[in-house]
Amino acid sequence: MVTSEYERRIAARFAGFDQDGNGYIDREDFMAAAKALLAEFGTAARSDKGQALYVGAEAFWQGMAGIADRDGDQRITREEFVNGAVKRLRDNPDRFAEIARPFLHAALAVAGGDAGVGVDDTARVLRVLGVDKEVAAQAAAQLDTDGDGRIDEEEIVSAFARYFTVPE
Ligand code: CA
Ligand code: CA
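Residues numbered from 1 in each chain as written. Chains lettered and ligands numbered in written order. Predicted model: local features only at pLDDT ≥ 70, side-chain atom pairs only at ≥ 80, totals over all residues. Heavy atoms only, no water.

Draft legend 1. How the structure looks around the packing of helix H2 (residues 27–40) against helix H3 (residues 48–68). Viewed as axis vectors pointing N to C, H2 and H3 meet at an angle of 150°, and their least axial separation amounts to 9 Å. Classified by the interaxial angle, the pair formed by H2 and H3 is roughly antiparallel. Handedness of the crossing formed by H2 with H3: right-handed. Every residue of H3 that contacts H2 at Arg 27, Phe 30, Met 31, Ala 34, Lys 35, Leu 37 and Leu 38 is listed here: Gly 50, Leu 53, Tyr 54, Ala 57, Glu 58, Phe 60, Trp 61, Gln 62 and Met 64. Here the contact of H2 with H3 is composed, by residue class, of eleven nonpolar, two polar and three charged. (Axes fitted to C-alpha atoms, helices over the stretch in contact; angles between N-to-C directions. Helix = DSSP H or I, 4+ residues; strand = E, 2+ residues; numbered from the N terminus. Parallel < 35°, antiparallel > 145°, perpendicular 65-115°, else oblique. Left-handed = near helix turned anticlockwise from the far one by under 90°. Contact = heavy atoms within 4.5 Å. Nonpolar A, V, L, I, M, F, W, Y, C, P; charged D, E, K, R; others polar.)

Rendered as structure tokens:
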């Protein structure tokens, strides 16, 4: 079997969602991502920011399951991910932004403050969410288009959508 560059990138995205590496994406992976972000930034789960992050993670999971879990077993297999999520999200990147936004909004609140999030902290968020280290650093730097060292929600939502809606 020939592994194309496209398939390799899809596999990397799947691995990013499959936080515990058990071969399928389910609610536990989203809860693990929230937990990892809170640990990375030293935020308590019971704080307002922590609770918002868990609510966002649940909404993100429900949105992904609605798109990709075709047999309704509360698990997204690699096959469901490739044939459901990736294709449908590529056709409709706005939909992906919509389901990811509450989680990303809460993640930025955890990582930064009212003034926005710095480039380095944005790279940390992306890494915790499974983006390759090199890609995360590059993406965070590129997001800061005006060079003021801060990144806003709109920029990170669209970047995240671009990364996970892999072009063929
Ligand atoms: Ca998993
Ligand atoms: Ca399934």
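Draft legend 2. Structural view of the side chain of Asp 144. Topologically, Asp 144 is positioned in the loop between helix H7 (133–143) and strand E2 (150–151). Of the side chains bearing the opposite charge, Arg 150 lies closest to the buried Asp 144, which forms no salt bridge; the N-O distance is 8.4 Å. In contact with Asp 144, other than residues within four places in its own chain, are Val 119, Gly 149, Arg 150 and Ile 151. (Buried < 20%, exposed > 50% of the residue type's maximum accessible area, 1.4 Å probe, protein only. Lys, Arg positive; Asp, Glu negative; His and termini not counted. Salt bridge = Lys/Arg side-chain N within 4 Å of Asp/Glu carboxyl O.)

Draft legend 3. Inspection of the coordination of the calcium ion (ligand 1) at higher detail. At this site the calcium ion (ligand 1) is bound by Asp 18 (OD), Asp 20 (OD), Asn 22 (OD1), Tyr 24 (O), Asp 29 (OD) and Asp 29 (OD), with donor distances of 2.2 to 2.6 Å. Each donor residue of the calcium ion (ligand 1) belongs to the same chain, and together they define the spacing D-x1-D-x1-N-x1-Y-x4-D. (Donors = N, O, S within 2.8 Å, 3.2 Å for Na, K, Ca; no water.)

Draft legend 4. Molecular detail of the nonpolar core. Core analysis: the largest hydrophobic core is formed by 52 residues, its most contacted members being Phe 60, Met 64, Phe 81, Phe 96 and Phe 103. Going through the elements one at a time, helix H1 (5–17), H2, H3, helix H4 (78–91), helix H5 (93–111), helix H6 (119–128), H7 and helix H8 (153–164) are the ones with two or more residues in this core. Of the residues forming this core, the biggest block, eleven residues, is contributed by H5. When near neighbours in sequence (up to four residues on either side) are disregarded, Phe 103 contacts Ala 33, Ala 34, Leu 37, Leu 53, Gly 56, Ala 57, Phe 60 and Leu 129. (Core = buried A, V, L, I, M, F, W, Y, C linked by side-chain atoms within 4.5 Å.)

Draft legend 5. Main features of H4. The end-to-end C-alpha distance of H4, which contains 14 residues, comes to 19 Å, matching closely the 20 Å that a straight helix rising 1.5 Å per residue would cover. For H4, the set of buried residues is Glu 80, Phe 81, Gly 84, Ala 85, Val 86 and Leu 89. Structurally, H4 contributes buried residues whose contacts are with H1, H3 and H5. (Expected span 1.5 Å × (residues − 1).)

Draft legend 6. Region of interest: the environment of Arg 13. Within the element layout of this structure, Arg 13 appears in helix H1. In this structure Arg 13 comes out as buried when scored by relative accessible area, which is 8%. On a C-alpha basis, the gap between Arg 13 and Asp 132 in space is 9.4 Å, while along the polypeptide they are 119 residues apart.

Draft legend 7. Quick peek at the coordination of the calcium ion (ligand 2). Donor atoms from the polypeptide that bind the calcium ion (ligand 2) are Asp 69 (OD), Asp 71 (OD), Asp 73 (OD), Arg 75 (O), Glu 80 (OE) and Glu 80 (OE), placed at 2.2 to 2.6 Å. One can describe the site at the calcium ion (ligand 2) as irregular: its six donor atoms subtend angles covering 53 to 154° at the metal. Assessed through its relative accessible area of 10%, Asp 69 is described here as buried. (Tetrahedral: all angles 85-135°; square planar, octahedral: opposite > 155°, others 65-115°.)

Draft legend 8. Here's a closer look at the pattern of salt bridges. For the coordinates displayed, the defined rule picks out eight salt bridges. A salt bridge links Glu 154 to Arg 101; the shortest N-O distance between them is 3.2 Å. Here the residue Glu 154 occupies a position in helix H8, and Arg 101 occupies one in helix H5, the gap between them amounting to 53 residues. Looking at Glu 154, the relative accessible area reads 48%, which means it is partly exposed. Within this structure, Glu 40, Asp 121 and Arg 124 form a network of salt bridges that share partners.

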